[in-house]
Amino acid sequence: MQLRKFGRTGRRVGEVGFGAWAIGGSWGDVDEGEAVAALNAALDAGVTFVDTADVYGDGRSERIVAKVLKERPGADIYVATKAGRRLPQQTVAGYTYANLSGWIDRSLQNLGVEALDLVQLHCPPTDLYYHPEAFDALDRIKAEGKIRDYGVSVERLEEGLKAIEYPGVVSVQIIFNLFRQRPAGLFFATAKKRDIAVIARVPLASGLLTGKLKADSTFADDDHRKFNRHGEAFDVGETFSGVPYEVGLAAVERIRRLVPGGATMAQLALRWILMFDPVTVVIPGARNAAQARANAEAADLPWLEDADMAALKAIYDEDIKPYVHQKW
């Protein structure tokens, strides 16, 4: 597992991390024992970056992370969480010092730590990025010692570009995968110039890029791949990366021909993300130990040939780009 510099924080993290949304909720039922096993398997495989949020399972994900880390004293694990989605309605007015401080206090308790490594605003309204007072509040909380650093998790590229104008923002989490390639342009260049850590989320397009989903695949009622197909609960870009399901399935069949021998499509998708130097860490989720180990092993795949990179870009340009490129 190669280490990459996490922006200007002074930390270095394994390039494949662990996304802890799936072990919290909104992906169907996940047994806690399997969730613990998945995270332990990831850490055993060299993962050093864990991404969670206070709303994943209403704190369940944070508590599972805390349980695992308590059993691994001395482990150098960088834990990022998020705040803001506990608001009953997403408004700029809700991102006050009092609210942010309260959410952070709750995460401190869930994670069982005295200070959070990284807190990210959790996909707030676009207009928030034009309100310095929210970032002033985070600066104040950092000065109090509750957080070591803060960043943002964004839906749209433009939000990330605006966020990194604030000097306290050290990281941006953004959707980046074979079906969402727009960040590789202006955003990556700007983030690299400003020494901003880039966290690539939704790397497998909600499972589409595993190659295992089919037209007749079914999902549990509490799985966002069923209840958020059209953005009913949150931004539709979080579900299948905003790509119409049938369109994504067709593109997957073209990608399948490019999967190297001995690798899975998921590993190819993760390796493709790691080909981009501005990416600090990619955070695939895992519901069990086998998935977690396979994700980490993607870091061992050889770099992709130029011809394969060009072929993957062509699939995006021809099949996917019209549906997503300018939306996010």
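Above: the structure in question.
Since we're looking at a predicted model, the values are computed, not measured.

Trainee: Sorry, what's going on with the overall build of the protein here?
Mentor: For the protein, the count of helices and strands is 11 helices and 10 strands. Its C-alpha atoms give the protein a radius of gyration of 18 Å, within 12% of the compact-globule value 20 Å for 328 residues. Across its three principal axes, the protein shows a C-alpha extent of roughly 55 × 40 × 40 Å. Here the protein holds 328 residues, and the buried ones make up 58% of them. Considering only intrachain contacts with a sequence separation of at least 6, the fraction spanning at least 24 residues in the protein is 77%. Counting every atom, the protein has about 13500 Å² of accessible surface; 51% of that belongs to carbon and sulfur. Within the protein, one finds 40 positive and 44 negative side-chain charges whose respective centroids are separated by 2 Å.

Trainee: Explanation requested: the side chain of Asn228 in the structure shown.
Mentor: The topology assignment puts Asn228 in the loop between α7 (224-227) and α8 (245-256). For Asn228, a relative accessible area of 0% corresponds to the buried category. Reaching out from Asn228, the side chain makes a polar contact with the backbone nitrogen of Phe234 at a distance of 3.0 Å. Not counting residues up to four positions away in its chain, the partners in contact with Asn228 are Ala233, Phe234, Asp235, Val236 and Thr239.

Trainee: Explanation requested: a negative patch on the surface in the structure shown.
Mentor: A contiguous patch of negative charge, built from Asp29, Asp31, Glu34 and Asp222, is present on the exposed surface. Relative to the helices and strands, Glu34 is located in helix α1 (residues 32-44).

Trainee: Help me understand the nonpolar core, please; the structure alone is not making it clear to me.
Mentor: Formed by 99 residues in total, the largest nonpolar core has its most connected members in Phe18, Phe135, Phe179, Phe187, Leu209, Ile255 and Trp272. Considering every element that reaches this core, the biggest residue donor is helix α9 (residues 265-274), with 8 residues. Other than its neighbours up to four places away in sequence, Phe135 contacts Leu121, Leu128, Tyr129, Tyr150, Val152, Tyr166 and Val169. If you look at the next biggest cluster of nonpolar residues, it comprises 11 residues, including Phe6, Ala197, Val281 and Ile283.

Trainee: What is the right way to look at the pattern of salt bridges in this model?
Mentor: Note on pairing: side chains with opposite charge can pair once their charged atoms come close. Taken as a whole and assessed by the stated rule, the structure comprises 24 salt bridges. A salt bridge links Asp51 to Lys82, with the nearest nitrogen and oxygen atoms 2.6 Å apart. In this pair, Asp51 sits in strand β4 (residues 49-51) while Lys82 sits in strand β5 (residues 78-83), placing the two residues 31 residues apart along the sequence. Residue Asp51 shares its accessibility class with Lys82, and that shared class is buried. Put simply, Asp235 and Arg156 hold a salt bridge, and the shortest N to O gap is 3.6 Å. With Asp235 in the loop between α7 and α8 and Arg156 in the loop between β7 (150-153) and α5 (157-163), this pair connects stretches of sequence that are 79 residues apart. Overall, the relative accessible area of 17% leaves Asp235 in the buried class. For Arg156, a relative accessible area of 30% puts it in the partly exposed group. The network of salt bridges with shared partners includes Asp58, Arg86 and Arg106.

Trainee: I'm lost on the pairing of β7 in this one. Help?
Mentor: Successive residues of a regular strand alternate their side chains across the two faces of the sheet. Of the two faces of β7, the one carrying Tyr150 and Val152 and the one carrying Gly151 and Ser153 are both buried. When strand β6 (residues 118-122) meets β7, the two strands line up parallel, connected through 4 bridges. Within β7, the residue paired with Leu121 across the bridge is Val152. As for the winding sense of the linkage, the β-α-β connection from β6 through helix α4 (residues 132-143) to β7 is right-handed. The sheet contact formed by β7 and strand β8 (residues 169-175) spans 3 bridges and is parallel. Residue pairing for β8: Ser153 is matched across the bridge by Gln173. Remark: the β7/α5/β8 crossover connection has right-handed handedness.

Trainee: Teacher, can you tell me more about helix α3 (residues 97-111) here?
Mentor: In an α-helix, one turn spans 3.6 residues; hence positions three or four apart end up facing the same way. When the terminal C-alpha atoms of α3 are compared, their 21 Å separation across 15 residues agrees well with the 21 Å that a helix rising 1.5 Å per residue should span. Listed in full, the buried residues belonging to α3 are Leu100, Ser101, Trp103, Ile104, Ser107, Leu108, Asn110 and Leu111. Considering only its buried residues, α3 is in contact with α2 (60-70), β5, β6 and α4.

Trainee: Sorry, what's going on with the sheet that holds β7 here?
Mentor: The strands making up a sheet associate through hydrogen bonds between their backbones, and the pairing can be parallel or antiparallel. With parallel pairing, the 8 strands of this open sheet are ordered in space as β3-β4-β5-β6-β7-β8-β9-β10. In this open sheet, the two strands that pair with only one neighbour each are β3 (18-19) and β10 (281-282). In terms of strand pairing, strand β9 (residues 197-201) meets β10 through 2 bridges, oriented parallel. Counted as the bridge partner of Ala200 is Val282 from β10. Against the sheet, α3 engages β5 and β6, with an angle of about 140° to β5.

Criteria and cut-off values
- Residues numbered from 1 in each chain as written.
- Predicted model: local features only at pLDDT ≥ 70, side-chain atom pairs only at ≥ 80, totals over all residues.
- Heavy atoms only, no water.
- Helix = DSSP H or I, 4+ residues; strand = E, 2+ residues; numbered from the N terminus.
- Rg over C-alpha atoms; globule rule 2.2 N^0.38 Å.
- Buried < 20%, exposed > 50% of the residue type's maximum accessible area, 1.4 Å probe, protein only.
- Contact = heavy atoms within 4.5 Å.
- Areas by Shrake-Rupley, 256 points an atom, 1.4 Å probe, with all protein chains shown as cover.
- Lys, Arg positive; Asp, Glu negative; His and termini not counted.
- Charge placed at Lys NZ, Arg CZ, Asp CG, Glu CD.
- Polar contact = N/O pair within 3.5 Å; in protein donor to acceptor, adjacent residues only side chain to side chain.
- Patch = residues over 30% accessible without salt bridge, like charges linked within 9 Å, V, L, I, M, F, W, Y side chains within 5 Å.
- Salt bridge = Lys/Arg side-chain N within 4 Å of Asp/Glu carboxyl O.
- Core = buried A, V, L, I, M, F, W, Y, C linked by side-chain atoms within 4.5 Å.
- Pairing = 2+ DSSP bridges.
- Right-handed = clockwise from strand over helix to strand, strands pointing away.
- Expected span 1.5 Å × (residues − 1).
- Axes fitted to C-alpha atoms, helices over the stretch in contact; angles between N-to-C directions.

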